[in-house]
Amino acid sequence: MFEKNIYIERRRELLQKMAESAPAGQAGILLFVGNTEAAAQYKDNAYKFRQDSSWLYYFGLDEPLMAAVLDVDDGTETLFADDVEIGDIIWMGPQPSVASKGAAVGIAATAPYAALDAVVKKACAQGRPVHFLPPSRYYNTMKLADLVGIPAAEVPARASQALVKAVVSMRLVKRPEEIAQIDDACALGYEMHTVARQAVRPGIVEQEIVGKMEGVTLSKGWGVSFPTILTQHGETLHNHLHDKVIEPGKLMVIDAGAENNMHYASDFTRTLPTGGRFTTKQREVYQIVCDCNELAFSLTRPGITYREVHLAVARKMLEGLQAIGLVKGDLDEMTALGIAGLFQPHGLGHNMGLDVHDMEDLGENLVGYDPDQTRSKQLGLGSLRMARRLVPGHVITDEPGIYFIPALIEQWKREGTGKGFVNFDALASYYDFGGIRLEDDVLVTPEGARRLGPNRLPIFPDDVESAMSC
Ligand code: GLY
Ligand code: MN
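Description of the structure in this document. Note that the coordinates shown come from a computational prediction; the quantities given were computed from them, not determined experimentally.

Conventions we followed
- Residues numbered from 1 in each chain as written.
- Chains lettered and ligands numbered in written order.
- Predicted model: local features only at pLDDT ≥ 70, side-chain atom pairs only at ≥ 80, totals over all residues.
- Heavy atoms only, no water.
- Pairing = 2+ DSSP bridges.
- Helix = DSSP H or I, 4+ residues; strand = E, 2+ residues; numbered from the N terminus.
- Axes fitted to C-alpha atoms, helices over the stretch in contact; angles between N-to-C directions.
- Donors = N, O, S within 2.8 Å, 3.2 Å for Na, K, Ca; no water.
- Buried < 20%, exposed > 50% of the residue type's maximum accessible area, 1.4 Å probe, protein only.
- Near = heavy atom within 4 Å.
- Polar contact = N/O pair within 3.5 Å; in protein donor to acceptor, adjacent residues only side chain to side chain.
- Areas by Shrake-Rupley, 256 points an atom, 1.4 Å probe, with all protein chains shown as cover.
- Nonpolar A, V, L, I, M, F, W, Y, C, P; charged D, E, K, R; others polar.
- Arc of directions from axis to C-beta.
- Contact = heavy atoms within 4.5 Å.
- Patch = residues over 30% accessible without salt bridge, like charges linked within 9 Å, V, L, I, M, F, W, Y side chains within 5 Å.
- Salt bridge = Lys/Arg side-chain N within 4 Å of Asp/Glu carboxyl O.
- Parallel < 35°, antiparallel > 145°, perpendicular 65-115°, else oblique.
- Left-handed = near helix turned anticlockwise from the far one by under 90°.
- 1 Å grid on protein atoms, 1.4 Å probe; cavity = no way out; pocket = protein on both sides within 12 Å on 5 of 7 lines; lining within 4 Å.
- Points joined across faces, edges and corners; volume = space filled by probe spheres on them.

A short note on the sheet that holds strand 13 (residues 395–398)
Part 1 of the reasoning: The strand order 13-16-17 describes an open sheet built from three strands, whose pairing is antiparallel. For this open sheet the edge positions go to strand 13 and strand 17 (449–451), each flanked by a neighbour on one side alone. Averaged over all pairs of adjacent strands, the angle between their axes in this sheet comes to 35°, without regard to strand direction.
Part 2 of the reasoning: Pairing between strand 16 (residues 440–444) and strand 17: three bridges, direction antiparallel. Its bridge partner being in strand 17, V442 is matched across the sheet by R451.

Shown next as structure tokens:
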């Protein structure tokens, strides 16, 4: 946990923002419900516990079955949780009291978990607004439905937009103590990828490498920040199968990150030649993606929107693809038409923090788009999760990629999409190429940007090959 003043200050700022969003005395209460244990096969064999990220941000307490009410009108704060009794102590050992846990994050008033019900129902009966965030867990959906007396299906739509906006405005801009944690998660991610790179060689099963790299973060941090992608079929963007034997001459996409013990994420992608050296054809495409990654970083600075950076990268990608004969035409026209989406059907990056796709549970557009921005429907640009005008403290990923997805190419060809710009004949020899993605984690600074983590994973093709020969 951070020291308690950080949580006190965050809650004070949140209360102030919420007070400003409503007439005096009518702002209501903020209801936060932390996560519970979630059964894997049965109640006593649960998934590894992961606390709700907004709860962690404002309350820091990393335990199941806790809730809190912040009263915006009178400023009181109450933590709801149960002290252990002998039945729990037998299985869990003695535990600190709820009062001491509250004190550790600056909350003096505590009450049993069951007392939450009466507090929320009273506020509802008085017609006071009850603000809650959209829940991502089933239990929390049911709990909120019960507390505020609405059908579970209505809970997401009844979540408070004012609270979401206030939370997003705070969590989007990382403060120094958070940046230190993300740097730490990036150090772990660096180590994971280093272990993986050293293990890649023809003849072994992909799963062996996954086990080794996940062991790194499990031994020093909380675990992975999302299910590891490690595949010789990088053209499938989120391929979680690791059952193939590594073959020579392939490209291995490794997209993996760590979650450190404070639950901050890292997210790196590197693409390695399985035999240690790129073929000429692989190197040509790799260099384009590498140039795109570099361009994105060089453009990242306060004042530019990440949508503009995405589009500049799309143009650069088309320029590279034109040079190897896969597209032809005016670069601005092709960029505007979204031709790059055939090769990169995803966005340039996303926010990162306590979640690898930070706050995606609060709504992708509210998190990643400024009020004056609308989301494109184009393939690729439409998947851009972070489009906002950048400010210092934003933490984003820079993850261009080129993929040859036979089914997608065939669809464009069949439907005439990209006709006159895409060289479908030349693309026929890329159907077994796979994909390439190169991803770094980036902090927007007052001067520009800094790549997060103490070291950058090898990315330039010569550096990758020499690292693989060690
Ligand atoms: N690295 C996984 C993702 O960004 O979706
Ligand atoms: Mn990512």
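Observations regarding the coordination of the manganese ion (ligand 2)
Part 1 of the reasoning: Listed as protein donors to the manganese ion (ligand 2) are D267 (OD), H350 (NE2), E399 (OE) and E439 (OE); their distances from the metal cover 2.1 to 2.2 Å.
Part 2 of the reasoning: Spacing between the donor residues of the manganese ion (ligand 2) along their common chain follows D-x82-H-x48-E-x39-E. Within this pair, whereas E399 is found in the loop between strand 13 and strand 14 (401–403), its partner E439 is found in the loop between strand 15 (435–437) and strand 16, the two being separated by 40 residues in sequence.
Part 3 of the reasoning: The class of E439 is buried, set by a relative accessible area of 0%.

A short note on the site of ligand 1
Part 1 of the reasoning: Neighbouring residues of ligand 1: F226, H238, D255, D267, H350, H357, E399 and E439.
Part 2 of the reasoning: One of the side-chain N or O atoms of H357 is found 2.8 Å from an oxygen atom in ligand 1.
Part 3 of the reasoning: A distance of 3.4 Å separates an oxygen atom of ligand 1 from a polar side-chain atom of E399.
Part 4 of the reasoning: Against a free-state accessible area of 200 Å², the protein chains account for coverage of 95% of ligand 1.
Part 5 of the reasoning: Across the shell around ligand 1, the residue classes tally to one nonpolar, three polar and four charged.

Considering the pairing of strand 10 (residues 251–256)
Part 1 of the reasoning: Among the six residues of strand 10, six are classified as buried, and the element is accordingly described as predominantly covered.
Part 2 of the reasoning: Covered by surrounding structure in strand 10 are L251, V253 and D255 together with M252, I254 and A256, the residues of both alternating faces.
Part 3 of the reasoning: Here three bridges tie strand 9 (residues 229–231) to strand 10, and the two strands are oriented antiparallel to one another. When the bridges of strand 10 are listed, T231 appears paired with V253.

Thoughts on helix 5 (residues 116–125)
Part 1 of the reasoning: For helix 5, the full list of buried residues reads L116, V120 and A123. Taken around the axis of helix 5, the buried residues stretch over an arc of 60°, which confines them to a single face. Among the exposed residues of helix 5, those oriented more than 90 degrees off its buried face are A118, K122 and A125.
Part 2 of the reasoning: Downstream of helix 5 by one or two residues, G127 has phi in the positive range, about 75°.

Here's the deal with the sheet that holds strand 7 (residues 130–131)
Part 1 of the reasoning: Taking strand neighbours across the sheet as the criterion, the five strands line up as 6-5-4-1-7 in an open arrangement whose pairing is mixed. Of all the strands in the sheet, the pair left with one neighbour each is strand 6 (109–111) and strand 7.
Part 2 of the reasoning: Alignment of strand 1 (residues 29–33) against strand 7, held across two bridges, turns out to be parallel. Note on strand 7: the bridge partner recorded for L30 is H131.
Part 3 of the reasoning: Sitting on the sheet, helix 1 (residues 4–20) is in contact with strand 1, strand 4 (67–71), strand 5 (77–80) and strand 7, with an inclination near 135° to strand 1.

Focus: a nonpolar patch on the surface
Part 1 of the reasoning: Taken together, the side chains of I86, I89, I90, W91 and M92 present a nonpolar region at the surface, about 630 Å² in accessible area.
Part 2 of the reasoning: Position of I89 among the secondary structure elements: in helix 3 (residues 86–92).

Some thoughts on the packing of helix 11 (residues 280–299) against helix 12 (residues 306–323)
Part 1 of the reasoning: Where helix 11 meets helix 12, the axes come as close as 9 Å, and the angle between the chain directions of the two elements is 155°. Here helix 11 lies roughly antiparallel to helix 12, going by the angle between them. Remark: the crossing between helix 11 and helix 12 carries right-handed chirality. Contact residues: helix 11 offers I288, D291, C292, L295, A296 and L299, while helix 12 offers V309, A312, V313, K316, M317, G320 and L321.
Part 2 of the reasoning: Classifying every residue of the contact of helix 11 with helix 12 by side-chain character gives ten nonpolar, one polar and two charged.

Looking at unusual backbone geometry
Part 1 of the reasoning: Notably, L65 is not glycine yet its phi reads approximately 60°, a positive angle.
Part 2 of the reasoning: With respect to the helices and strands, L65 occurs in the loop between helix 2 (53–59) and strand 4.
Part 3 of the reasoning: On the basis of relative accessible area, L65 is assigned to the partly exposed category, the value being 36%.
Part 4 of the reasoning: Phi is positive for H263, close to 75°, though the residue is something other than glycine.
Part 5 of the reasoning: The residue H263 is located in the loop between strand 11 (258–259) and strand 12 (268–273) in this model.

Notes on the environment of P135
Part 1 of the reasoning: Locating P135 in the fold gives a position in the loop between strand 7 and helix 6 (138–148).
Part 2 of the reasoning: Measuring from C-alpha to C-alpha, the distance between P135 and D361 comes to 7.3 Å, with 226 residues separating the pair along the chain.
Part 3 of the reasoning: When residues no more than four places from it in sequence are discounted, the contact partners of P135 are N140, T141, L144 and V155.

Concerning the layout of surface pockets
Part 1 of the reasoning: There is about 690 Å³ of room inside the largest pocket.
Part 2 of the reasoning: As for the largest pocket, its lining consists of 21 residues, and the residues nearest its centre are E37, P64, L65, D88 and M92.
Part 3 of the reasoning: For the lining of the largest pocket, the secondary structure elements donating two or more residues are helix 3 and helix 4 (98–104).
Part 4 of the reasoning: By volume, the second largest pocket is sized at about 500 Å³.
Part 5 of the reasoning: Lining of the second largest pocket is provided by 20 residues; of these, R50, Q51, S53, S136 and D355 occupy positions nearest its centre.
Part 6 of the reasoning: When its residues are assigned to classes, the lining of the second largest pocket shows seven nonpolar, six polar and seven charged.

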